[in-house]
Amino acid sequence: AALLIDRSGVVRFSNEAGQAMFETPDHASLYGRKFEQLWQLCDGEPLSDALPRTFSGERYEHQAFCPGPDGAPRWLEAALTPVREEDGSSAFVMCSVRDITQQYAVQQSLLNSQQRFQALADKMAQLAWMADETGYIFWYNQRWFKFTGTTFSEMEGWGWKQVHHPDHVERVTKKLSECFARGDAWEDTFPLRSRDGEYRWFLSRAMPI
């Protein structure tokens, strides 16, 4: 949907998609109405600050929940872009609105899945991590940080070497790197330093995905 909005926030033009989007019987039903009022019907945030910023040259995007004609859940995304005159000023703002319900549902599904995974990983008794194909570790569960007393910034990448026993870290790193290079599963035993400075032996396994 496309709408043209003047400096006072009033809709001056709408295409047929805009008419359908906001459930009006014809184009004229949108003309002369405040876009902020239309957007508020969609449970959106007030646009009182958005329009002035857009007229000053900024691009504004926002998502809002807006039930469809039959009451079905629907999410919309509005993007406001200034329409430039020859002198560089902006007399109007072009607003494009698109239905992102399917995209939003996918994003929510991924977020829920990630949250469930995070909850499971943090509650398990074992220390866990994930790495990319080069062996660069980009995630640890909370058990790792609780045992080692470290932070992610300290452990990211190959930072885990600092909590390995110096007598074993070279051997462990060499074997791990070889397994990553071949794409093989990895298994090894080695001591890790706890937050109290005590070394405890661990059996560790990693499987390629």
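Rules and cut-offs
- Residues numbered from 1 in each chain as written.
- Predicted model: local features only at pLDDT ≥ 70, side-chain atom pairs only at ≥ 80, totals over all residues.
- Heavy atoms only, no water.
- Core = buried A, V, L, I, M, F, W, Y, C linked by side-chain atoms within 4.5 Å.
- Buried < 20%, exposed > 50% of the residue type's maximum accessible area, 1.4 Å probe, protein only.
- Helix = DSSP H or I, 4+ residues; strand = E, 2+ residues; numbered from the N terminus.
- Expected span 1.5 Å × (residues − 1).
- Contact = heavy atoms within 4.5 Å.
- pLDDT = per-residue confidence, 0-100.
- Pairing = 2+ DSSP bridges.
- Salt bridge = Lys/Arg side-chain N within 4 Å of Asp/Glu carboxyl O.
- Phe/Tyr/Trp six-rings, centres within 6.5 Å; stacked < 30°, edge-to-face > 60°.

With that out of the way, let us pick up the nonpolar core. The biggest cluster of nonpolar side chains holds 19 residues, and the ones touching the most others in it are L3, F22, F35, L80, C95 and V97. When contributions to this core are tallied by element, the ones reaching two or more residues are β1 (2-6), α2 (35-40), α3 (50-55), β4 (75-84) and β5 (90-99). W129, I137, Y140 and W144 belong to the second largest nonpolar core, which has 16 residues in total.

Counted at 1.5 Å a residue, the expected span for helix α7 (residues 169-182) with its 14 residues is 20 Å, and the 20 Å between its end C-alpha atoms agrees. Considering only its buried residues, α7 is in contact with β6 (129-131) and β8 (186-193). The positive-phi residue at the C-terminal boundary of α7 is G183, with phi of around 80°.

Our focus in this paragraph is the confidence of the model for the protein chain. Per-residue confidence for the protein chain gives a mean pLDDT of 85, with 93% of residues at or over 70. Ranking the elements of the protein chain by mean pLDDT puts α2 last, at 69, and β8 first, at 97.

Looking now at the pairing of β1. Successive residues of a regular strand alternate their side chains across the two faces of the sheet. Counting buried residues in β1 gives 4 out of 5 residues, a clear majority hidden from the surface. Where β1 and strand β2 (residues 11-14) come together, 3 bridges link them in antiparallel fashion. Bridged to I5 within β2 is V11. A loop of 4 residues connects β1 with β2, the two strands running antiparallel in sequence, and G9 in this loop sits at a positive phi of about 85°.

Applying the stated criterion across every chain yields a total of 7 salt bridges. Residue R98 is joined to E77 by a salt bridge in which the shortest nitrogen-to-oxygen separation is 2.9 Å. In this pair, R98 is assigned in strand β5 and E77 in strand β4, connecting sequence segments 21 residues apart. Taking relative accessible area as the criterion, R98 reaches 42% and is therefore assigned partly exposed.

Aromatic rings in a pair are described by how distant their centres are and how their planes are angled relative to each other. Counted according to the given criterion, the structure contains 8 aromatic pairs. Taking the centre distance of 4.0 Å and the plane angle of 20° together, the rings of W75 and Y104 count as stacked. Taken together, the residues span a long stretch of sequence, with W75 in strand β4 and Y104 in helix α4 (residues 101-123) at a distance of 29 residues. We classify W75 as partly exposed; its relative accessible area is 21%. Where F147 meets F202, the ring centres are 5.1 Å apart and the plane angle is 75°; that geometry is what we call edge-to-face. You can see F147 sitting in helix α5 (residues 142-148) and its partner F202 sitting in strand β9 (residues 199-206), a full 55 residues away along the chain. Exposure remark for F147: the relative accessible area of 18% places this residue in the buried category. Judged by its relative accessible area of 23%, F202 is partly exposed.

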